[in-house]
Amino acid sequence: MPFGYGSRVSDSSAGTGPPAGEPGPGRGIQLAVGDGTVVTISGLPRAVGDAVLAAEPLRHGLGNAATSGIWRVRGTAGSAVLKVARLPAAADPSKAWRTSDDPAHWNYWRREALAYQTGLAATVYADAGITVPAVLDTRVRSDGGVDLWLADMGGTDGFGWPVNRLARFAYELGAAQARWASRVPGTSWLSRRWLAHYLAEGMGPMVSTEPADWDHPSVAVWPAQVRRRLRQLWADRHRMVALAEAAERTLCHLDVWPANLMDDAGRSVLLDWSFTGDGAVGEDVANLIVDSFTDGLMDVALLPELAGQAVDRYLDGLRDGGWSGSADSVRRAVAVCGAAKYSWFAPVLIGRAIRDDLGTRSYGQDASAATALRRLTGLVTLLAGWAQESADHAGR
């Protein structure tokens, strides 16, 4: 049975390090993290030991202003992962995703630390078998930011999972989110209307496509009908968001993709809780389907298999978790949420192909923009289909 969330988790936490506003004692530890960069930290968790032997940068979204960096830190006793959350700062051209002090903001800088410190991340999906790394330490930095120390998880990341393992996770996610359907906690720092703000402030400003670009010779690899539907999707994005927001709500993670998944001795580990909050039933599984293939880290030939199995297993999980709604409504939510969130995807790809510019990449594997366009034909065809399905159902 669902538990009373308000009685389990508070809106704030003092953490496990020094009290808020008080940096650790002494001058701190200078941590050399590569490329000549030095990060000052106030102390080390016991899992690392009393001295650092090496620090390895871990791949993450470099355009997010909420994160200064993520490193695997190896010490005399073992290793741990350090993620540094930073306060909102002046606009930085290299950081497309600005952050905020507003706890409900789509990219609130301290949300992930709070999700771990309060126990939300560790408990909300735990009954369905989804776990998170243990919190080893949290410390307020001298600049007001937060050092979040997490257990270094072994095992295989999500890009190494076969489709049936990803589908198993979709089942677990369905069972977990069934418990929160129509009862999202009122916790103040959970994100609200995340999808709308992500498009308006995060990805939307990256779109600069002109009408003629959709028929440019560089993008002829995509069928004309698909391009027309994707162009209309971008024009209709606000309507698509409204349809997504009308779907039944649950407590979502809002960044479910293979890079945030680990298999730890058969247990599903879900990482990066920076966006967690109110979302649609089906929204997270839509993202899992699309974002498994955007960067070329998984063979796009697996898309039809994953799209089918993930939705089916998610629905199985919802049912087994006690949810009794309409399967068709969830399938529609998957389509409209996926289409709305990735409404920017085709116009940005087209702009890059015309300029022969891959853009700033944290994960991308393609050798050229033209290669990316060809590889992603099946994915954008899926998005175009979802958009058409959503528009047809809404009576367009």
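Each chain has its residues counted from 1, running along the sequence as written. Reporting in this predicted model follows two pLDDT cut-offs: at least 70 for local features of residues, and 80 or more for side-chain atom pairs to be given and counted; totals over whole chains, interfaces and linings ignore these cut-offs and use all residues. Side-chain descriptors were evaluated using all non-hydrogen atoms of the structure, hydrogens and water having been removed beforehand.

(A) Examining the nonpolar core more closely. Throughout, nonpolar core names a set of buried Ala, Val, Leu, Ile, Met, Phe, Trp, Tyr and Cys residues whose side chains join them through atoms within 4.5 Å. To sort residues, take the accessible area from a 1.4 Å probe on protein chains only and compare it with the maximum for the residue type: under 20% means buried, over 50% means exposed, and anything in between is partly exposed. By size, the foremost hydrophobic cluster in this structure holds 108 residues, and its most contacted members are Leu230, Trp273 and Trp344. In this view, Trp344 contacts Tyr198, Leu199, Met203, Val207 and Trp234; residues no more than four positions away in its chain are not counted. Core analysis: the second largest hydrophobic core is formed by 13 residues, Leu44, Trp71, Leu82 and Trp149 among them. Note on contacts: a residue pair is in contact if any heavy atoms of the two residues lie within 4.5 Å.

(B) Here's a closer look at the confidence of the model for the protein. In the predicted model, the protein carries a mean pLDDT of 88, and the fraction of residues at 70 or more is 88%. pLDDT is a residue-level measure of predictor confidence that goes from 0 to 100. The model gives residues 1-26 a pLDDT under 50, and that stretch makes 53 contacts with residues more than four places away or in other chains.

(C) Representation of the sheet that holds strand E9 (residues 156-157) in the model. Pairing between strands requires that DSSP locate at least two bridges from one strand to the other. Secondary structure elements follow DSSP: runs of H or I no shorter than four residues count as helices, runs of E no shorter than two count as strands, and numbering proceeds from the N terminus. Read across the sheet, 4 strands follow the order E6-E12-E11-E9 without closing on themselves; strand pairing throughout is mixed. Of all strands in the sheet, those bounded by a partner on one side alone are strand E6 (130-131) and E9. Angles here are taken between N-to-C directions and fall from 0 to 180 degrees, while the axes themselves are lines fitted to C-alpha atoms, restricted in helices to the stretch in contact. Across the sheet, helix H4 (residues 163-178) lies against E6, strand E11 (261-264) and strand E12 (267-270), angled at about 75 degrees from E12, the strand it touches most.

(D) Focus on the pattern of salt bridges. Take a side-chain nitrogen of Lys or Arg and a carboxyl oxygen of Asp or Glu: if they are within 4 Å of each other, that pair is a salt bridge. Under the defined criterion, the tally for this structure stands at 18 salt bridges. A salt bridge links Arg168 to Glu172; its shortest N-O distance comes to 3.0 Å. Of this pair, Arg168 and Glu172 both sit in helix H4, 4 residues apart, roughly one helical turn. The class of Arg168 is partly exposed, set by a relative accessible area of 30%. Sharing partners across several salt bridges, the network here consists of Glu56, Arg72, Arg74 and Asp152.

(E) Representation of the sheet that holds strand E4 (residues 67-75) in the model. Here we have 5 strands laid out as an open sheet, ordered E3-E4-E5-E8-E7, and antiparallel in their pairing. Only two strands of the sheet have a single partner each, and these edge strands are strand E3 (52-57) and strand E7 (135-140). The sheet shows a mean angle of 25 degrees between the axes of neighbouring strands, taken without regard to direction. Bridge analysis of E3 against E4 gives 5 bridges, and the strand direction is antiparallel. When the bridges of E4 are listed, Val52 appears paired with Gly75.

(F) Up close: unusual backbone geometry. Despite not being glycine, Ala265 has its phi angle at roughly 55 degrees, a positive value. On the secondary structure map, Ala265 appears in the loop between E11 and E12. A positive phi angle is found at Asp272, which is not glycine, with a value near 60 degrees. Locating Asp272 in the fold gives a position in the loop between E12 and strand E13 (277-280).

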